[in-house]
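# Per-entry structural report
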There are 2 protein chains.
Amino acid sequence: MADVFRALADETRRALLDVLLRRDEQTLFELCTRLAMDHGLTPSRQAVSQHLDVLESAGLVHTERRGRYKLHTIDTSPLAQITERWPPTSRKATP
Amino acid sequence: MADVFRALADETRRALLDVLLRRDEQTLFELCTRLAMDHGLTPSRQAVSQHLDVLESAGLVHTERRGRYKLHTIDTSPLAQITERWPPTSRKATP
DNA sequence: ACCTTAGGCAAGTGAATGCTTGCCTGTCAA
DNA sequence: TTGACAGGCAAGCATTCACTTGCCTAAGGT
């Protein structure tokens, strides 16, 4: 579970999740392009690849080889554990 | 919002949230003790104090001075933004 | 066959960060 | 007033981590 938090700690990786939420099954180069277009982030291809490895280790992204393409798919289910671990506090006011 | 993820990235800080979830309004020394007892973590008082600062900056912990004591209270509301940003994926199977 | 394209591997670098150390401030009780 | 207790401040150290650089593998098209 620590891997999930470590993965979410980086802004580029959070942006990658945003990009993948719009459309699944994107390749590394597609993700690089959309990071730049939609989020103004321009890390190198290798940097993005390493980020995707971290996300995959955390179970937040699944991959599938198809020919020479590697398609990335988001999986938000590990995030549910967060609000399960620290449920919404019933407090007098958080208005 | 980046502060929230940064705060959650550390295991000691996550353990602090666990401790605070069991009981609110604890002092720095109480938190140190419970970290050791319940989680096997024995960082120094100063280390815990710095962690609490990070948690407070993220809005996950609120504090109140009472005499020479500083009481810490958990606030889980920032965590709701996580599942709002990446909602549960309606996928073929996450069973 | 050849070249392009999509991706991977690994070492090295610089910055962020968790933690320690030492000292200081303020509050309460005897 | 003095001493003990709860906490704060700031510099220094060591590790982690994001990113680059350079080279390599493999699949697809012409």
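Report on the accompanying structure. All figures in this text were calculated on a predicted structure; none of them were measured in a lab. (Residues numbered from 1 in each chain as written. Chains lettered and ligands numbered in written order. Predicted model: local features only at pLDDT ≥ 70, side-chain atom pairs only at ≥ 80, totals over all residues. Heavy atoms only, no water.)

## A short note on helix 4 (residues 45-57) of chain A
Residues and elements named next belong to chain A. Note the cut-off: For helices the rule is a DSSP run of H or I covering at least 4 residues; for strands it is a run of E covering at least 2, with both sets numbered from the N terminus onward. What a helix is expected to span follows from its residue count: subtract one and scale by 1.5 Å. Whether two residues touch is decided by their heavy atoms; if any such pair falls within 4.5 Å, the residues are in contact.
The terminal C-alpha atoms of helix 4, which comprises 13 residues, lie 19 Å apart, in line with the 18 Å expected from a rise of 1.5 Å per residue. Check the buried side of helix 4 and you find it contacts helix 1 (2-8), helix 2 (11-22), helix 3 (28-39), strand 1 (61-66) and strand 2 (69-74). With its phi angle positive at about 80°, G59 sits one or two positions after the end of helix 4.

## Overview of the nonpolar core
Filter applied, for reference: Here, nonpolar core refers to any group of buried Ala, Val, Leu, Ile, Met, Phe, Trp, Tyr and Cys residues whose side-chain atoms link them within 4.5 Å. Buried means the residue's accessible area, taken with a 1.4 Å probe over protein chains only, is under 20% of the maximum for its type, while exposed means over 50%, and partly exposed covers the values in between.
Grouped together as the largest cluster of nonpolar side chains are 50 residues, with contacts concentrated most on L8 and L60 of chain A together with L8 and L60 of chain B. Looking at this core, the elements with two or more residues in it are helix 1, helix 2, helix 3 and helix 4 of chain A together with helix 1 (2-8), helix 2 (11-22), helix 3 (28-39) and helix 4 (45-57) of chain B. Residues in contact with L8 of chain B, not counting those within four places in the same chain, are F5 and W86 of chain A together with R14, L17, L60, L79 and I82 of chain B.

## A look at the interface of chain A and chain B
Heads up, the rule is: Here's the idea: put two parts together, see how much 1.4 Å probe accessible area each one loses, and the total over both is what we call buried area. When a carboxyl oxygen of Asp or Glu lies within 4 Å of a side-chain nitrogen of Lys or Arg, that pair is called a salt bridge. Polar contact is defined as a pair of N or O atoms within 3.5 Å, subject to the rule that within protein one atom must be able to donate a hydrogen and the other to accept it, and that residues adjacent in sequence are counted only when both atoms are side-chain atoms. Note on residue classes: Ala, Val, Leu, Ile, Met, Phe, Trp, Tyr, Cys and Pro are nonpolar, Asp, Glu, Lys and Arg are charged, and everything else, Gly too, is polar.
The partner chain B presents 25 residues to the 25 residues of chain A that form the contact. Summing both sides of the interface, chain A and chain B together bury roughly 2,200 Å²; the carbon and sulfur share of this comes to 59%. Inspection of the region where chain A meets chain B yields two salt bridges. Across the salt bridge formed by D18 of chain B and R85 of chain A, the nearest N and O atoms sit 2.6 Å from each other. The interface formed by chain A and chain B includes six residue pairs in polar contact (both at pLDDT 80 or more). For the side of chain A that touches chain B, the elements supplying multiple residues, two or more each, are helix 1, helix 2, strand 2 and helix 5 (80-85) of chain A. Ranked by the residues each element gives to the side of chain A that touches chain B, the list is headed by helix 2 of chain A, at five residues. Here the residues of the side of chain A that touches chain B sort into 13 nonpolar, six polar and six charged.

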